[in-house]
Amino acid sequence: MIRTLRRWGWLFAGPTFLAFLVGFIVPFALGIYLSFTKFTTVTDSTWVGLENYSKILGDEVFVHSLWYTVAFTIVTTVIINVAAFAVAYMLTKAIKGRNLFRGVFFMPNLIGGIILGYVWLLLLNGVLAWWERSISFSEWYGFWGMVVLLSWQQIGYLMVIYVAGIQGISDEVIEAARVDGANNRQIVRRVMLPLLMPSITVCTFLTVTNGFKMFDQNLALTNGAPSRLSELLALNIYNTFYGRPGFEGVGQAKAVVFFVIVAAIAIIQNRLTTAKEVKA
Amino acid sequence: MTTVRHPRLWTVVFSLLSLAYIYPIVLVLINSFKNKVFISSEPFALPNSETWAGMDNYVRGIEQTDFFASFGWTVVITVGSTLMILLCTSMTAWWIVRVDNRTARTLYLLFLFNMIVPFQMVMFTLSKVANMLHLGNPFGIWIIYLGFGAGLAVFIFTGFVKAIPFEIEEAATIDGAGPVQIFFRVIMPIMRPSIITVAILEVMWIWNDYLLPYLVLDIRKYKTLSIAIQYLKGGYGTVDMGAMMAVLVLAIVPVIAFYLFSQRHIIKGVVAGAVKG
């Protein structure tokens, strides 16, 4: 059967591979190449070596947005995971209406980032109007606005994963710990959290990469205001490509740097937390 | 944390929390019925006889964004792309797992690699390639979504196929079935749970996606909902807040309806999709 199947590759893997070529491999390879050139379309590129990459280092807006994104990712990862775990922990207990509550907390995930951005723009600017300010008052207004928005959106998603993880812990383990005299806090810290490492791995992976890649919410909520100070990396790269003629090569070089950072985080983060996983 | 000694108290606490949680959306709903000049000045007030605008905002919002057209294109793009992804990548995943030679393993590694590449890395070149191949319409974009979204789908499907015992296929071979028959008659029905999982994750992604369709589609002709909303902000000088609120409501209501309808599947799909990457 396998030998026959091998010959059917053109049918089973062919269509996906062709689309993959068009939608990923060619753009990726071309992207790497173009980061070493100066170009405006794709066909008029001339080789400039590392010039684009050296220009990045002198780009203060980019360096600012890099640190801004790092801070944003750290803050959102901590807040979202802690809150999602706390909510999941409470909602796995016998509380009336817990399924309804879980449903409510999950809901924002299904609404698109652009829409959520404008929903929160109304609310946040409405609140800030008390002090006669708006979200574009300073980079930190935008920062915390985006933190609130992303937390609101993602806590429910991670809560669902944590709930599944908590329900996967057998009652016997918890019971055994209780018989040994452990109190609730000890059970959470010494029994549940270690057993939940697989869920924590997935959840922190999701929040870290989502924080780094956030674009739509940033575009709708602040669009970089004031003066590009609230630009996260993804928006900074977008604006370099489409906002500054002649800087396409620099934009592509930034995109390569961005890719390397995200890939490195994904790999390192996965190694670190996977190593901490235990079995009951 | 202490034991839940007062479950009723916690019900109250979570009820209040839930109300606060949906408040941002309720606020948009309230403002969608207000005259546009009052939305920025007093967003938290309920509409009164002076500020009440009835359905005016909805009429203007639908006209300005060509709402029904963009809704329709979003449906075409989401449904078409998702079906393409489900059909093609499930076949590919089965082929990869069963054939398992150097080609198959290399292909699998490329798909894994695809999962860690952010869209910004390929956005410029992808839009040029799509343009050259004339894929900038709601049907051509199916191929783009299949191509860029293949990684995650193949990854989830291969994980699932590995757990299917090979004996089932051997039995089907002895009964005289070829690979195509085996896949569609035997394997695909077994893969149903993972197909639902992938479908949910893809629908959530593609329905809400902004940048990929914005860069790939010919936006003079085709706008998705996200693009239409972003245009409402940018295209008319000062934003018509009334139309904006109405369109936001119109975009959110179908999503919530869909969610209430298929909540169980969505939650299960999200859990099943949270396999380790």
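The name an unreviewed UniProt entry assigns to chain B is Carbohydrate ABC transporter permease, from the organism Demequina capsici. Quoted verbatim from the Subcellular location (unreviewed entry) heading of the UniProt record, the comment on chain B is "Cell membrane". Taken from UniProt, the Sequence similarities (unreviewed entry) comment for chain B reads in full: "Belongs to the binding-protein-dependent transport system permease family."

If you check an unreviewed UniProt entry, chain A appears there as Sugar ABC transporter permease from Demequina capsici. The UniProt entry for chain A carries the following comment under Subcellular location (unreviewed entry): "Cell membrane". The UniProt entry for chain A carries this comment under Sequence similarities (unreviewed entry): "Belongs to the binding-protein-dependent transport system permease family."

With respect to helix α12 (residues 225-234) of chain B
Of all ten residues that make up α12(B), seven are buried, and the element is covered over most of its length. Residues of α12(B) that are buried include every one of B:Leu225, B:Ser226, B:Ile227, B:Ala228, B:Ile229, B:Gln230 and B:Leu232, and no others.

Some points on helix α6 (residues 98-106) of chain A
Those residues of α6(A) lying buried are A:Phe101, A:Arg102, A:Gly103, A:Val104, A:Phe105 and A:Phe106. For α6(A), the secondary structure elements touched by its buried residues are α5 (60-91) and α8 (139-167) of chain A together with α1 (7-31), α10 (192-208) and α13 (241-273) of chain B.

Brief notes about the UniProt feature "domain: ABC transmembrane type-1" (unreviewed entry) in chain A
As annotated in UniProt, the feature "domain: ABC transmembrane type-1" (unreviewed entry) corresponds to residues 66-269 of chain A in the numbering used here. The annotated region residues 66-269 of chain A carries 77% helix and 0% strand content, and the separation between its end C-alpha atoms amounts to 19 Å.

Section: the pattern of salt bridges
Residue and element names in this part refer to chain B. Counted under the stated rule, the structure contains nine salt bridges over all chains. Between aspartate 240 and arginine 60 there is a salt bridge; the shortest N-O distance is 2.7 Å. One end of the pair, aspartate 240, is in the loop between α12 and α13; the other, arginine 60, is in helix α3 (residues 56-65), and 180 residues separate them in sequence. You can call aspartate 240 buried: its relative accessible area is 8%. Since its relative accessible area comes to 23%, arginine 60 is described here as partly exposed. As a salt-bridge pair, aspartate 218 and arginine 220 come within 3.3 Å of each other at their nearest N and O atoms.

Topic: the interface of chain B and chain A
With 93 residues of chain B at the interface, the matching set in chain A holds 94 residues. Broken down by element, the residue count for the side of chain B that touches chain A peaks at 15 residues, all from α1(B). Among the residues forming the side of chain B that touches chain A, the class breakdown is 68 nonpolar, 20 polar and five charged.

Some points on a nonpolar patch on the surface
Side chains of A:Val127, A:Trp130, A:Trp131, B:Tyr23, B:Val26 and B:Phe44 sit close together on the surface and give an oily, nonpolar patch of about 640 Å² of accessible area. With respect to the element layout, B:Tyr23 can be found in helix α1.

Structural notes on the packing of α6(A) against α1(B)
Between α6(A) and α1(B), whose axes approach to 10 Å, the crossing angle comes to 25 degrees. The angle between the axes of α6(A) and α1(B) places the two elements in the roughly parallel class. For the crossing formed where α6(A) meets α1(B), the hand is left-handed. In contact with A:Phe101, A:Val104 and A:Phe105 of α6(A), α1(B) contributes B:Thr11, B:Phe14, B:Ser15, B:Leu17, B:Ser18, B:Tyr21 and B:Ile22.

Things to note about the side chain of A:Thr222
Residues and elements named next belong to chain A. Within the element layout of this structure, threonine 222 appears in the loop between α12 (216-221) and α13 (233-243). Given the relative accessible area of 8%, threonine 222 is considered buried. If sequence neighbours within four positions are ignored, threonine 222 has contacts with Ile135, Gly142 and Ser230.

Details of unusual backbone geometry
Of note, the bond from A:Ala225 into A:Pro226 is cis; its omega dihedral lies within 30 degrees of zero at -5 degrees. Looking at the secondary structure, you find A:Pro226 in the loop between α12 and α13. The backbone of A:Arg228 sits at a positive phi, close to 65 degrees, despite the residue not being glycine. Residues other than glycine seldom take positive phi values, yet B:Asp66 does so here, at roughly 50 degrees. Turning to its location among the elements, B:Asp66 is positioned in the loop between α3 and α4 (67-99).

Cut-offs applied
- Residues numbered from 1 in each chain as written.
- Chains lettered and ligands numbered in written order.
- Predicted model: local features only at pLDDT ≥ 70, side-chain atom pairs only at ≥ 80, totals over all residues.
- Heavy atoms only, no water.
- UniProt positions renumbered as here; feature names shortened; annotations may be inferred.
- Buried < 20%, exposed > 50% of the residue type's maximum accessible area, 1.4 Å probe, protein only.
- Helix = DSSP H or I, 4+ residues; strand = E, 2+ residues; numbered from the N terminus.
- Contact = heavy atoms within 4.5 Å.
- Salt bridge = Lys/Arg side-chain N within 4 Å of Asp/Glu carboxyl O.
- Nonpolar A, V, L, I, M, F, W, Y, C, P; charged D, E, K, R; others polar.
- Patch = residues over 30% accessible without salt bridge, like charges linked within 9 Å, V, L, I, M, F, W, Y side chains within 5 Å.
- Areas by Shrake-Rupley, 256 points an atom, 1.4 Å probe, with all protein chains shown as cover.
- Axes fitted to C-alpha atoms, helices over the stretch in contact; angles between N-to-C directions.
- Parallel < 35°, antiparallel > 145°, perpendicular 65-115°, else oblique.
- Left-handed = near helix turned anticlockwise from the far one by under 90°.

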